[in-house]
Amino acid sequence: MRIFSGQAHRVLAERIATYLGQMLGDVKIERFPDGEVCVKIVDSVRGQDVFIVQPTCFPPNENLMELLIMIDAARRASAARITAVMPFYGYARQDRKDQPRVPITAKLVANLLVAAGVNRILAMDFHAQQVVGFFDIPVDHLFAAPVIVKHLREMKIPDLVVVAPDPGGLKMAYAYSNKLEAGLAVVAKQRRSATEVEAMNIVGEVANCNCVLVDDLCTTGGTLYAAAELLKKRGAKRILAAVTHAVLTDEAILRLKKSPIETMVTTDSVPPKDWQGFPVEVLSVAELLGEAILRIHNNQSVTSLFNI
Ligand code: R5P
């Protein structure tokens, strides 16, 4: 088994390798003078089980292209099997044709990965579960919930209600509320533009409750901000957020600081930001991913890793 890292999040890849008692494989990643990606896998991978760790977070195009080229290099170097370890799978928001003349980028990326020569995918909290079905190769789709729920339990928050900031997040919020033995509420949201979100209504009891907004992703912070403001208006006491992938813009951090959200729990699926004083707890998913890699390599079940 060999673990390699692209340049997107080497710290996470190192944590995974440490869990597995390995050093990261040696790979040179450079740019040609015109910006093209130049990859050379230094160590031999002939006949080996190769795992390439690369979340396709910011800058998504660079990171995706680098991953595709690394897969191509490993395939041409006769790796026995290549697994793309994508703690964050970018381009997943566009997962259906809901307007005329729009792409399905989540499927396009799946096609590109397979065309490059990947044999399997290890991912975490896809934006939508159906992305698993965009691949005709094995996909192990992990959840960060076991890590985040454990932390929230340790916080021992009384009168807790788990809130989905939009109806699309209801299934995820339900899983959290179930495991935390908490109430459940959902915000009806309308997205006006990529950065403007309106929270219109809340279904569920939140008055005098402590609320945790759970989501797979936060980018501009618009969704969390609008939901938190509405929760405050409806009498919520403490408001927290738990988000798997904090793919934040600078504007998002300013928004979070202005919002009634007192703290955010997230994971190291993507590199950390400068939180500019906003209180954030970053939990590591390296062990979870490392254990999944070990089990994939040994042809063992990964089902128990879904247990909270
Ligand atoms: C929406 O379906 C997602 O689950 C997130 O709520 C959304 O992508 C967050 O984006 P933003 O932070 O830009 O509102």
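These numbers come from a predicted model, not from an experiment. (Residues numbered from 1 in each chain as written. Predicted model: local features only at pLDDT ≥ 70, side-chain atom pairs only at ≥ 80, totals over all residues. Heavy atoms only, no water.)

Asker: Explain the packing of helix 4 (residues 145-155) against helix 5 (residues 170-180) here, please?
Answerer: Helix-helix packing: each pair is described by the crossing angle between the helix axes and the interaxial distance. Between helix 4 and helix 5, the least distance of the axes is 10 Å, while the angle of their chain directions is 45°. As judged from the angle between their axes, helix 4 and helix 5 are oblique. Like other packed secondary-structure pairs, helix 4 and helix 5 cross with a definite hand, here right-handed. The residues of helix 5 that touch helix 4, namely those facing Ala-145, Ile-148, Val-149, Leu-152 and Arg-153, are Tyr-176, Lys-179 and Leu-180. Considering only residue class, the contact of helix 4 with helix 5 consists of six nonpolar, no polar and two charged. (Axes fitted to C-alpha atoms, helices over the stretch in contact; angles between N-to-C directions. Helix = DSSP H or I, 4+ residues; strand = E, 2+ residues; numbered from the N terminus. Parallel < 35°, antiparallel > 145°, perpendicular 65-115°, else oblique. Left-handed = near helix turned anticlockwise from the far one by under 90°. Contact = heavy atoms within 4.5 Å. Nonpolar A, V, L, I, M, F, W, Y, C, P; charged D, E, K, R; others polar.)

Asker: Please clarify how a nonpolar patch on the surface should be interpreted in this entry.
Answerer: Together, Leu-170, Tyr-174 and Leu-184 line one region of the surface with nonpolar side chains, adding up to about 260 Å² of accessible area. Within the secondary structure, Leu-184 sits in strand 9 (residues 183-191). Residue Leu-184 is classed as partly exposed on the basis of its relative accessible area of 33%. (Patch = residues over 30% accessible without salt bridge, like charges linked within 9 Å, V, L, I, M, F, W, Y side chains within 5 Å. Areas by Shrake-Rupley, 256 points an atom, 1.4 Å probe, with all protein chains shown as cover. Salt bridge = Lys/Arg side-chain N within 4 Å of Asp/Glu carboxyl O. Buried < 20%, exposed > 50% of the residue type's maximum accessible area, 1.4 Å probe, protein only.)

Asker: Got a minute to help me understand the site of the ligand in this structure?
Answerer: Taken together, 14 residues lie near the ligand, and Asp-215, Asp-216, Thr-219, Thr-220 and Thr-223 sit nearest. In this structure, an oxygen atom belonging to the ligand sits 3.4 Å away from a side-chain N or O atom of Asp-166. Asp-216 places a polar side-chain atom, nitrogen or oxygen, 2.7 Å from an oxygen atom of the ligand. For the ligand, whose free accessible area comes to 370 Å², the fraction covered by protein is 89%. Among the elements of the structure, strand 9, strand 11 (210-218) and helix 6 (222-233) are those that each provide at least two residues to the shell around the ligand. For the shell around the ligand, the element with the highest residue contribution is strand 11, accounting for four residues. (Near = heavy atom within 4 Å. Polar contact = N/O pair within 3.5 Å; in protein donor to acceptor, adjacent residues only side chain to side chain.)

Distances and angles like these do not, on their own, reveal function.
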